[in-house]
Each structure stands twice: as C-alpha cells, then as structure tokens.
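# Structural characterization, general
So you can see what is in the structure, the chains are spelled out below.
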Amino acid sequence: MIGLLIVDDHPVVRDGLRGMFAGDERFRVLGEAADGNEALAVARAVQPDVVLMDLRMPGMDGVTAIRALREQGVPARVLVLTTYDTDSDVLPAIKAGATGYLLKDVPREELFRAVSAAYRGESVLSPAVAGRLMGELRSPAREELSQRELEVLGLIAQGCSNRETASRLFISEATVKTHLLHAYAKLGVRDRAAAVAAAYARGLLGGQQ
C-alpha cells in the first residue's frame, strides 16, 4: 500500500481526503497535519510515500514545507493539492521540489491515479497548471530584480515618494529613479503603480504565501 500524509489547514478537507483514501485498499493514510511545521514533524515520524500538500496555510506555508522536506532528506514524493493555480503559487511549488500539482476539483479516480503516479516518481499536473508551465517555458526568461530594486518597490508600495524612499535608504533621488527604471524594464511595465502590482503578482513583495 502507498502510505499517505495529508497536509491541509481545513479539518473538513482532511476528513474528506482521509475517508476517500480509506475506502481504497491501495492506500493507507499514515498521518495528517494542519500546517507546514506539523507536516515536517509528522513526515519524519511516519515516513510516508506521498505527501498531499496544500499551499496556503497559516504558519509555515506549503512551498516552504516542500523545500524543507527536501533539505531534511525526507524521501516522500510531494503532490500539491490546492485551490490556487496562479503563477505565484505554481512555479515556486514546482521549483521547491513538488512531484505534481493538482487542483481540489480533481475527480476521485484521477486523484488516485495521480497519487500512484507520484509514488512512482512521475510528474502529474492538472491541465491548467501544465498550461501555465508551458507558457512560462515559452516566454523570455525573466530577469530577477536586485535586492535594492525590491527595497525601493517595497517602499513605493507603502506610499513613499521618491524623496522619502531616498531618505530611508540613504541614497539620492536620482538613484531611486534609476532603480525604478530598471525595475520597470524587468517587470515589463511603464509606471510605479503597474510595477508594484506586477511585483505583488509575482510574489516579490510581502503578503505572499
């Protein structure tokens, strides 16, 4: 049997998944967790074959937990099961080491097949997620923003003017404008508001999980 660890901050979701898998002799639910920190502890204790991982959870989020599982040498495959399919969710999860990525509206039998495939080390992606990844691969590589450019954008997002940003970072207003122009080019935008919106959309500024 394939040993499972279910990680989701909603008890109803965990109950539903546990009941679903309990009715199939191919699977055995070894444990549950409500957040990333608990998932790490339970995974080390029960050594599951596959972890069903939600992403947006209080405390340690799913992407951080996936990365931590890899860093700590936990051999389990991680199959993301979430409601969200935005670029800021999908790409970090795959880069962190997730074997597959499914949405919670997946049919029961498709979920069973996905878990079995993940157990074998095969990548499993919902059609929407696969489309996003293909779009990412076909688009030109994005140039990363520098730490200073992120600091400038972060202050701009807080409502600071160029002068206030310069004062808080101990640089000149001209330097602030230069950093902003570089950020605009990297984000593919033309003004401050669009730059802040694009940075949030990509998960580059605070408030992302």
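Scope of this entry: the structure provided in the associated data block.

Rules and cut-offs
- Residues numbered from 1 in each chain as written.
- Predicted model: local features only at pLDDT ≥ 70, side-chain atom pairs only at ≥ 80, totals over all residues.
- Heavy atoms only, no water.
- Helix = DSSP H or I, 4+ residues; strand = E, 2+ residues; numbered from the N terminus.
- Buried < 20%, exposed > 50% of the residue type's maximum accessible area, 1.4 Å probe, protein only.
- Contact = heavy atoms within 4.5 Å.
- Lys, Arg positive; Asp, Glu negative; His and termini not counted.
- Charge placed at Lys NZ, Arg CZ, Asp CG, Glu CD.
- Salt bridge = Lys/Arg side-chain N within 4 Å of Asp/Glu carboxyl O.
- Pairing = 2+ DSSP bridges.
- Axes fitted to C-alpha atoms, helices over the stretch in contact; angles between N-to-C directions.
- Arc of directions from axis to C-beta.
- Parallel < 35°, antiparallel > 145°, perpendicular 65-115°, else oblique.
- Nonpolar A, V, L, I, M, F, W, Y, C, P; charged D, E, K, R; others polar.
- Phe/Tyr/Trp six-rings, centres within 6.5 Å; stacked < 30°, edge-to-face > 60°.

Of regular secondary structure, the protein chain possesses 10 helices and six strands. Considered along the principal axes of its C-alpha atoms, the protein chain spans approximately 65 × 35 × 30 Å. Out of the 209 residues belonging to the protein chain, those deemed buried represent 44%. Taking as baseline every contact in the protein chain between residues at least 6 positions apart, the subset at least 24 positions apart corresponds to 61%. Once the 25 positive and 27 negative side-chain charges of the protein chain are each reduced to a mean point, those two points are 4 Å apart.

One pass over the full model with this rule turns up 11 salt bridges. The residue Lys104 makes a salt bridge to Asp8 at a minimum N-O spacing of 2.7 Å. Linking Lys104 in the loop between β5 (100-103) and α5 (108-119) with Asp8 in the loop between β1 (2-7) and α1 (11-22), this pair joins segments that are 96 residues apart in sequence. Lys104 sits in the partly exposed class, given a relative accessible area of 30%. Classification of Asp8 by relative accessible area gives buried; the value is 2%. For the salt bridge of Lys186 with Glu149, the shortest nitrogen-to-oxygen distance reads 2.9 Å. Of this pair, Lys186 sits in helix α9 (residues 173-187) while Glu149 is found in helix α7 (residues 147-157), placing the two residues 37 residues apart along the sequence. Where salt bridges share partners, they join Arg14, Asp15, Arg18 and Glu32 into one cluster.

Time to look at the sheet that holds β1. One open sheet holds the six strands; their spatial order is β2-β1-β3-β4-β5-β6, and the pairing between them is parallel. Across the chains shown, the open sheet's two edge strands, defined by having one partner strand only, are β2 (27-33) and β6 (124-125). In this structure, β5 lies alongside β6, joined through two bridges in parallel fashion. The partner of Tyr101 across the bridge, within β6, is Leu125. Sheet contacts for helix α2 (residues 36-46): β1 and β2; angle to β2, the most-contacted strand, approximately 140°.

To continue, consider helix α8 (residues 162-169). Listed in full, the buried residues belonging to α8 are Asn162, Thr165, Ala166 and Leu169. Buried residues along α8 cover an arc of 100° about the axis, so they all sit on one side. Pointing more than 90 degrees away from the buried face of α8 are the exposed residues Arg163 and Ser167. Residues of α8 that are buried in the fold lie against α7, α9 and α10 (192-201).

This paragraph deals with the packing of α1 against α5. For any two helices packed against each other, one specifies the inter-axial angle together with the distance between the axes. Interhelical geometry of α1 versus α5 gives an angle of 80° and a closest axis separation of 11 Å. Taken together, the axes of α1 and α5 are roughly perpendicular relative to one another. Packed against α1, whose contacting residues are Leu17, Met20 and Phe21, the element α5 presents Arg108, Leu111, Phe112 and Val115 at the interface. Of the residues contributing to the contact of α1 with α5, the split by class is six nonpolar, no polar and one charged.

Turning our attention to the packing of aromatic side chains. Throughout the structure, instances matching the rule amount to three aromatic pairs. Ring centres of Phe21 and Phe112 lie 5.1 Å apart, and the angle between their planes is 50°; on these two criteria the pair is classed as tilted. With Phe21 in helix α1 and Phe112 in helix α5, the pair connects residues that are 91 residues apart, well separated along the chain. Take Phe112: its relative accessible area is 3%, and that puts it in the buried class. An aromatic cluster is built from Phe21, Phe27 and Phe112, whose rings are joined through pairwise contacts.

The next point concerns the side chain of Ser126. By secondary structure assignment, the location of Ser126 is in the loop between β6 and α6 (127-138). Under the relative-accessibility criterion, Ser126 is labelled buried at 8%. Apart from residues no more than four positions distant in its own chain, Ser126 is found in contact with Tyr101, Leu102 and Leu103.

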